[in-house]
Amino acid sequence: MGNHNIQRISRRFRFLFRGMAIAAPLLTLAYWLCFNQLPVGLRPLQPYEITDLSWFSAMLAFLASLLPLCVAVFGLLTLSRLFLLYEKGVYFSMKNVELFKCLGLALLFWVPASVFYNSLLSVIVSASNPVGERLLVVSFRYEELAFLLMGGVVILISWIMDEGRKLEDEQAHTI
Amino acid sequence: MAIIVNLDVMLARRKMRSNELAQRIGITEQNLSILKTGKAKAIRFATLNAICYHLRCQPGDILEYRDDVSSDE
């Protein structure tokens, strides 16, 4: 694949990830604002039933979702910056390595953020239940395990990228 | 680096300018400057061969090992 193709596709990915980073907070806000109108299939998959939420609970749920959302937006913006470098033809610079590390960390940080968010959500949606029916659910799902593995792999790739950067640096200084 | 590049000395002896040598051996002036200032990490045999040919010298005239210079490797 030639440089031209890499740059062309990288530009598309950059726009896609930048767009997703902008759209994600807006869609999340819209999701919680319109939560009661959503079909059951679109509601979050939880081991407990989520009934209609009051406006206050929906806003609290939105605030709780900001935690994983921030991690996701950070990851998306990192991807966008990485593809900007590829678009410029920069493949093995120190900046690439740093961005790969940031991406790996974003994937790893997603796990505690997601676990904490799901726990907080269980408290928020059940807060109005009668005493004895309120919940605190702490769950670790396959999704979190997958993110943990992906984060580890991406950080390993960042180390390999660093080796590539050293090789390119040596190549650039070979006369 | 304990390896010293004496290219500027040889250029002065042969009364040749850097840009002329760069042009003759087919590398950029920027790369020749990297070589002259000792920032190069490696030199290709082809480049060394071309430098020696155009400056009518031996590799030892260009490259020198000095024990007293600290090595970063």
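Residues numbered from 1 in each chain as written. Chains lettered and ligands numbered in written order. Predicted model: local features only at pLDDT ≥ 70, side-chain atom pairs only at ≥ 80, totals over all residues. Heavy atoms only, no water.

S.K.: Mind showing me how you'd approach the packing of aromatic side chains here?
M.R.: Any pair of aromatic rings gets described here by the distance separating the centres and the angle formed by the planes. Residue and element names in this part refer to chain A. Evaluated as defined, the whole model comprises nine aromatic pairs over all chains. Judged by centre distance (5.9 Å) and plane angle (15°), the ring pair of Phe-13 and Phe-17 falls under stacked. Taken as a pair, Phe-13 and Phe-17 lie in helix H1 (residues 3-33) at a separation of four residues, close to a single helical turn. Judged by its relative accessible area of 35%, Phe-13 is partly exposed. Aromatic side chains Tyr-31 and Trp-32 sit 5.2 Å apart centroid to centroid with 90° between the ring planes, which places their arrangement in the edge-to-face category. A relative accessible area of 24% means that Tyr-31 is categorised as partly exposed. (Phe/Tyr/Trp six-rings, centres within 6.5 Å; stacked < 30°, edge-to-face > 60°. Helix = DSSP H or I, 4+ residues; strand = E, 2+ residues; numbered from the N terminus. Buried < 20%, exposed > 50% of the residue type's maximum accessible area, 1.4 Å probe, protein only.)

S.K.: I tried to follow the side chain of Asn-96 of chain A on my own but got confused; where do I start?
M.R.: Position of Asn-96 of chain A relative to the elements: it lies in helix H3 (residues 94-126). Leaving out residues up to four positions away in the same chain, Asn-96 of chain A has contacts with Leu-82, Leu-85, Tyr-86, Val-90, Tyr-91 and Met-161 of chain A. (Contact = heavy atoms within 4.5 Å.)

S.K.: Just to check I follow, could you spell out the nonpolar core for this structure?
M.R.: What tends to happen in soluble globular proteins is that the nonpolar side chains get buried as a cluster. Leu-7, Leu-21, Leu-32, Leu-35, Leu-55 and Ile-62 of chain B are the most contacted members of the largest nonpolar core, which has 21 residues in total. Secondary structure elements with two or more residues in this core: helix H1 (7-13), helix H2 (18-25), helix H3 (29-36) and helix H4 (45-55) of chain B. For Leu-21 of chain B, the contacting residues outside a window of four places in its chain are Leu-7, Leu-11, Met-16, Leu-32, His-54 and Leu-55 of chain B. Counting 19 residues, the second largest nonpolar core, distinct from the first, contains Leu-69, Leu-76, Leu-79 and Tyr-86 of chain A. (Core = buried A, V, L, I, M, F, W, Y, C linked by side-chain atoms within 4.5 Å.)

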